[in-house]
Amino acid sequence: MAEEKIEKEVARRRSFAIIAHPDAGKTTLTEKLLLYGGAIHLAGHVRAKKDRKSTRSDWMTMEQERGISVSTTSLQFEYNAHILNLLDTPGHEDFSEDTYRTLMAVDFAVMTLDGGKGVEPQTIKLFQICRERNIPIFTFINKMDMPARSPFELLDEVEKVLGITAVPMVWPMGSGRDFRGYYDLNAKKVSLFEKTTGGAFRAPEKVSGLDDPELISAMDEQLYATFKEEVQISQEAILPFSIEEFKRGAMTPVYFGSAITNFGVQFLLDEFIRLAPSPSPVLTDDGNVIAPTDSAFTAFVFKLQANMNRQHRDRVAFVRIVSGKFERGMTVKVPRLNKEVKLTSPVAFFGQERNTVDIAWAGDIIGLINPGTYRIGDVLCTGDEPKFNPLPKFAPDIFAKLVSTDTSKLKQFRKGLTELSEEGVVQVFNPGDQTPILGAVGQLQFEVFKFRLEDEYGAKVRLESTPFECSRWVKEQDLEKFSRFDSVVRDERGNPVILFESQYRMQNFMNQHPEVLLSIHPPL
Ligand code: G4P
């Protein structure tokens with residue numbers, strides 16, 4: 001009976017993230033998915049900035065001030081008897097390690113493109129991370145109510161630039177002022193687009209066939225002829241959709257719509273239920289398989305976030321459940337600490353609100369109030385310790401010297417430095433007795449760090465430039481091979497790291513010392 005229950009719960013879960021270049025419509029699509037999920041009732045109010053706030057993950061003042069989403073949240077909603085977990089990835093232009101880690105916690109992704117722009121730089125970066133993990137990807141081509149590029153051109157670009165087979169599941173009828181809806185290539189049915197005022201209602205989607213007189217009268221003759229010809233070409237020229245290819249990340253089903261008018265959003269949700277994988281078994285480093293339906297509970301920490309709620313002043317560890325059932329109050333092992341922990345106050349988040357979680361299943365995300373217990377990558381389990389592949393940490397390529405400018409706040413400075421580096425906001429390198437050096441993969445990580453150190457810990461700091469351009473982890477025994485010109489520092493765990501002043505210097509060193517391993521990831 002218990003086994004049946006867990007199988008049912010896992011099968012109805014879908015955990016995913018939306019990846020998009022800024023402005024492609026990620027926030028709008030998120031809101032509309034929530035609308036159809038019943039999580040937001042007054043769709044007409046969603047566009048209002050003040051209401052938008054509660055669905056965005058702008059917990060931090062800085063996010064609100066700058067209108068960017070720095071941190072990651074997870075939203076859970078129900079749709080058609082399924083539970084959807086939507087993980088929010090940072091939407092700003094600058095890249096951060098948070099993005100990588102969040103994508104480690106999802107089972108599929110929705111790549112949102114602006115129909116007028118197609119594949120953009122940030123799309124490529126985010127896509128590549130999904131690709132590395134073979135995450136299945138849906139493609140949603142948004143803003144079809146605005147002038148868009150030709151569907152053939154867009155599909156071709158996805159294939160050429162991203163190297164994934166793109167299979168349209170629907171075919172759009174025009175775009176911009178001529179947008180009339182789309183044709184479902186599998187069901188062979190037309191959904192007619194009717195413009196709603198500001199997305200105030202669920203989009204009416206009238207369904208009819210390709211030769212429906214209403215459709216013909218809705219389009220001008222030329223447009224209708226072009227559309228029919230395109231559908232014919234697409235049916236002849238495009239590969240059939242293969243669920244196996246999709247699941248191994250080699251093929252993406254493509255949808256067209258207009259998130260702002262809700263058009264195509266419900267169809268997308270239906271397709272998640274039909275095609276997207278529920279949580280799947282995980283292969284561990286030592287060759288074992290953890291099935292989501294295993295009775296033993298297994299989870300890992302993919303994000304830490306401090307000071308999410310000013311009244312609470314706490315830290316939250318976000319955990320993805322890999323297998324089993326979570327029950328409030330259960331005791332789990334944290335193998336890294338060789339310690340047992342009772343999980344008494346798990347929470348789920350909805351924007352700024354938090355709710356206590358009593359029960360959760362594989363695929364779900366829960367937040368654990370973390371009084372400094374957990375680190376990113378920590379495993380929580382009730383059975384044998386699984387050896388997961390470590391969450392990626394990357395050798396930074398931008399650096400700054402960190403100087404405390406208020407000696408009376410040294411204690412706060414140290415606390416903030418420790419907590420924010422544990423959270424993974426930046427990496428901290430220690431060059432012995434001198435001031436610490438911060439490392440990041442995106443400039444914004446520095447700004448967030450400085451802002452939060454001042455805002456949350458009251459410690460004023462200055463960031464000074466350094467001459468370094470790249471870094472690599474090295475083995476202790478190889479340190480003597482480096483000259484005094486190469487800077488040796490230690491990471492948070494004491495591992496030696498070399499900071500190079502240029503790619504050229506690093507390359508030179510590699511040529512001279514092919515026997516020395518320079519690693520872009522820290523040792524396990
Ligand atoms: P992001 O999270 O990916 O950065 O994008 P976001 O949803 O904030 O959308 C960026 C802009 O594009 C917003 O306009 C939004 O209203 C608009 N948009 C999103 N989806 C569609 C669509 O389907 N059709 C059209 N025509 N526009 C769309 P904005 O003016 O920057 O913001 P706002 O004042 O509307 O909030």
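Reading the values: rules and limits
Residues numbered from 1 in each chain as written. Predicted model: local features only at pLDDT ≥ 70, side-chain atom pairs only at ≥ 80, totals over all residues. Heavy atoms only, no water. Helix = DSSP H or I, 4+ residues; strand = E, 2+ residues; numbered from the N terminus. Buried < 20%, exposed > 50% of the residue type's maximum accessible area, 1.4 Å probe, protein only. Contact = heavy atoms within 4.5 Å. Areas by Shrake-Rupley, 256 points an atom, 1.4 Å probe, with all protein chains shown as cover. Axes fitted to C-alpha atoms, helices over the stretch in contact; angles between N-to-C directions. Parallel < 35°, antiparallel > 145°, perpendicular 65-115°, else oblique. Left-handed = near helix turned anticlockwise from the far one by under 90°. Pairing = 2+ DSSP bridges. Salt bridge = Lys/Arg side-chain N within 4 Å of Asp/Glu carboxyl O. pLDDT = per-residue confidence, 0-100.

**So, the overall build of the protein**
So, point 1. Of regular secondary structure, the protein possesses 15 helices and 30 strands.
So, point 2. Counting across all 524 residues of the protein, residues that qualify as buried make up 55%.
So, point 3. Pairs at least 24 residues apart make up 70% of the contacts formed inside the protein by residues separated by at least 6 positions.
So, point 4. Entry remark: accessible area of the protein is about 23100 Å², with carbon and sulfur atoms responsible for 49%.

**Quick look at the packing of helix 13 (residues 410–422) against helix 14 (residues 443–457)**
So, point 1. Helix 14 packs onto helix 13 with a crossing angle of 130° between their chain directions and a minimal axis gap of 10 Å. Between helix 13 and helix 14, the crossing angle belongs to the class labelled oblique. Relative to helix 14, helix 13 is oriented so that their crossing is right-handed. Here Q412, F413, K415, G416, L417, E419 and L420 of helix 13 lie close against helix 14, whose contacting residues are F449, R452, L453 and Y457.

**Overview of the sheet that holds strand 5 (residues 137–142)**
So, point 1. In spatial order, the strands read 2-3-1-4-5-11-6; together these seven strands make up an open sheet with mixed pairing. Two strands in the sheet have a free side with no partner beyond their single neighbour: strand 2 (74–79) and strand 6 (165–168). On average, adjacent strands in this sheet sit at an angle of 30° to one another, irrespective of strand direction.
So, point 2. Where strand 1 (residues 13–20) and strand 3 (residues 82–87) come together, five bridges link them in parallel fashion.

**Describing the sheet that holds strand 30 (residues 496–500)**
In a beta sheet, neighbouring strands are held together by backbone hydrogen bonds and run either parallel or antiparallel to one another.
So, point 1. Taken in spatial order, the three strands of this open sheet run 28-30-29, and their pairing is antiparallel. Two strands close off the open sheet at either side, each with one partner strand: strand 28 (470–473) and strand 29 (487–490). Mean inter-strand twist for the sheet, computed between neighbouring axes without regard to direction, equals 30°.
So, point 2. Where strand 28 lies against strand 30, four bridges are found, and the strand directions are antiparallel. From the neighbouring strand, W473 faces strand 30, where its bridge partner is V497.

**Concerning the pattern of salt bridges**
So, point 1. On inspection of all chains with the given rule, the structure shows 23 salt bridges.
So, point 2. With a closest N to O distance of 3.0 Å, R149 and E157 form a salt bridge.
So, point 3. You can call R149 partly exposed: its relative accessible area is 21%.
So, point 4. The partner of K160 in a salt bridge is D156, with the nearest N and O atoms 2.9 Å apart. In this pair, K160 and D156 both sit in helix 8 (residues 151–162), four residues apart, roughly one turn of the helix.
So, point 5. One salt-bridge network, held together by shared partners, links K5, E9, R12, R13 and D364.

**A look at the confidence of the model for the protein**
So, point 1. Looking at the protein, pLDDT values average 84 and 84% of them are 70 or higher.
So, point 2. Under a pLDDT of 50 for its full length, residues 41–59 has, in the predicted model, 48 contacts with residues more than four places off or in other chains.
So, point 3. Segment residues 65–72 is flagged for pLDDT under 50; beyond a separation of four residues in sequence, or across chains, it makes 37 contacts in the model.

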